[in-house]
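Observations on the model geometry
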Amino acid sequence: MIGLISATAAGSAGCERVASAWPGRTRVYEGPVGDAVRRAFAECEQLVCFLATGAVVRLVAPLLVDKASDPGVVCVDEGGRFAVSLVGGHGGGANELAREVGELLGAEPVVTTATDSVGVPGLDMLGLPVEGDVAGVSRAMLDGEPVALNAELAWPLPPLWVAETGEYSIRVSDRTVEPAEREVVLRPPSLVVGVGASKGAPVDEVLGLVQDALRDAGLSVKSVAELATVDAKAAEPGILGAAERLGVPVVTYGAEELAAVDVPNPSDAPLAAVGTPSVAEAAALLRGGELLVPKRKSAARPAMATCAVVRRPGRGRLAVVGLGPGARDLLTPRAKDELRRASVLVGLDQYVDQIRDLLLPGTRILESGLGAEEERARTAVAEARLGQSVALIGSGDAGVYAMASPALAEASDDIDVVGVPGVTAALAAAAILGAPLGHDHVSISLSDLHTPWEVIERRVRAAAEADIVVTFYNPRSRGRDWQLPKALTILAGHRKPTTPVGVVRNASRPDESSRVTTLAGLDPATVDMMTVVTVGNTATREIAGRMVTPRGYRWQEEPK
């Protein structure tokens, strides 16, 4: 919950605006400001104070306990010009809240957290438990000092601006190692603990068994991702209680699934009880990994719990990102987030240049020229398979005549794949032309480099006969100058010469140009590879210089 506090009429107006925009997230605190701040601080995860920063500093200072538990506090000035992240920028989420409030109110977010200010990931914001000299290593990263990355196991991390050697270091480990001087240890969730339990097994027995097994194997309890067991034990209080104390979920599998897993220590007892010769080992191993701790029983007599521990390798992550048609304001916020999350960026050199300034320091860039699409797809997948966090970029939407299809054809289920949609060239051109795609429409690439012309021609004929609006991609190049005239001739056999045709070059870019002409009036020689050509259907009209296709085929009576 976000607590909203104000002291003036202008502040109250700001409170009301935020409250009306986020009704399920906010609560307005009335009464004396001091009492309101104290109540909100105790009851809410975050605060937005429409007060002077000095006043808020004095009010919250006595309330602060620890940055890991204190709520995030944002101040908005009387004029609504600035949203200042004051307390809990990372742990309390105040930095992101300041950006959200700024976007809502049209205010400038003010974030002074050092790592955010210079674009270096905060070690406490990576989503992993962290131990050691966080302040010292973060300061070294900010100062540009070499920080070594010692990854005992591969894990998809954002760029950390690290070197091969350095006085400071970041270690990625699930072992119970103590951080050295000038070192932080990141704990990835790499361990899966399979658990079996008799009915009524005490929580302390299950939890103690898990903790002892991890300790004896030299493994960190902070790297446990989940407890895994059989469906029949999904409601077993001992297992649920142990998971709750560890702060991890319980994942369950059917007995048939577990029975199909090859394990080193099968037993007749679980086979008779729940229908599988193994619960602990099979549940831990079902999704793959290395068995670090074979099945062991609890020390109680009789033993009522068993466990096994498996290390699953970090799954690499591939984000296929659409950059839109070129304008920065048509690049989606999600795309920006993925670009900053990636430690490896793969893309066409001219597209990399478009977004180079958005990348975090330390991002490894693998760029290549035109014609290397399949090579880029293979490279991106290979990097993800090494456990990296990878962004593969393409213009428009990466799934439309772009990099998603070759990448996904190369990828298998051993990596995580995320698609980030982008504004396509067809949509950008349509917005410039008016509303040519108001009814059924199709996009057809006229490039026969990957598709035989006979197939392309058949598709153009089908669109012509079906009276569908057609947007042509890759319409004409110096080496391919006859395909567009041929396609227009096919359409002309089914549509009037006066059919509106929209021509947009470099949509959304500084040198954008556009015009509306007709099927008979279009000169193909004026078209190149940077152009999108949209041919209307029999209902499309030019109205006030704009190209419009009605949503239905019942068109209003034309003015006389």
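What counts, and at which threshold
Residues numbered from 1 in each chain as written. Predicted model: local features only at pLDDT ≥ 70, side-chain atom pairs only at ≥ 80, totals over all residues. Heavy atoms only, no water. Pairing = 2+ DSSP bridges. Helix = DSSP H or I, 4+ residues; strand = E, 2+ residues; numbered from the N terminus. Core = buried A, V, L, I, M, F, W, Y, C linked by side-chain atoms within 4.5 Å. Buried < 20%, exposed > 50% of the residue type's maximum accessible area, 1.4 Å probe, protein only. Contact = heavy atoms within 4.5 Å. pLDDT = per-residue confidence, 0-100. Phe/Tyr/Trp six-rings, centres within 6.5 Å; stacked < 30°, edge-to-face > 60°. Lys NZ or Arg CZ within 6 Å of the ring centre and 35° of its normal.

A short note on the sheet that holds strand S21 (residues 434-435)
A sheet is described by the order of its strands in space; here three strands give the open sequence S21-S28-S27, paired in mixed fashion. Because the sheet does not close on itself, it has two edges, and the strands there are S21 and strand S27 (541-543). Both S21 and strand S28 (residues 546-548) contribute to a ladder of two bridges, which runs parallel. Bridge assignment links Ala435 to a residue of S28, and that residue is Val548.

Some thoughts on the nonpolar core
Core analysis: the biggest nonpolar cluster contains 23 residues, and Val193, Val195, Leu214, Leu227 and Val309 have the highest contact counts within it. Mapped onto this core, the elements with two or more residues apiece are strand S11 (191-197), helix H7 (203-216), strand S12 (224-230), helix H8 (237-246) and strand S15 (305-311). Per-element accounting of this core gives the leading share, six residues, to H7. Sequence-distant contacts of Leu214, that is, excluding residues within four places in its chain, are made with Leu191, Leu219, Val221, Val224 and Val309. Within the second largest apolar cluster, 21 residues are counted, among which are Trp453, Ala463, Phe472 and Leu522.

As for the confidence of the model for the protein
Looking at the protein, pLDDT values average 90 and 96% of them are 70 or higher. In the model of the protein, helix H5 (residues 114-118) stands out as the element of lowest mean pLDDT, 52, in contrast to strand S23 (residues 469-473), which has the highest, 97.

Let's talk about the packing of aromatic side chains
The final tally for this structure, using the stated rule, is two aromatic pairs. Ring centres of Tyr401 and Tyr473 lie 4.7 Å apart, and the angle between their planes is 55°; this geometry places the pair in the tilted category. Here Tyr401, found in the loop between strand S19 (389-394) and helix H15 (404-410), pairs with Tyr473, found in strand S23; they are 72 residues apart in sequence, far enough to count as distant. Using a relative accessible area of 11% as the deciding quantity, one classes Tyr473 as buried. Seen from their ring centres, Trp453 and Trp482 are 5.0 Å apart, and the 70° between their planes marks the pair as edge-to-face. Of this pair, Trp453 sits in helix H17 (residues 453-465) while Trp482 sits in the loop between S23 and helix H18 (483-492), and the two are 29 residues apart along the sequence. Residue classification places Trp453 among the buried residues on the basis of a relative accessible area of 10%. What makes Trp482 partly exposed here is its relative accessible area of 42%. If you follow Arg25 out to its NZ or CZ, it ends over the ring of Trp22, 4.4 Å from the centre.

A closer look at the pairing of strand S16 (residues 317-322)
A large share of S16 lies buried, amounting to six of its six residues. Alternating residues of S16 divide into Arg317, Ala319 and Val321 and Leu318, Val320 and Gly322, and every residue in both groups is buried. Where S16 meets S19, six bridges bridge the pair, whose relative direction is parallel. When the bridges of S19 are listed, Ala319 appears paired with Ala391. Pairing of S16 with strand S20 (residues 416-420) involves five bridges; the strand directions are parallel. Along S20, the bridge assignment pairs Val320 with Gly419.

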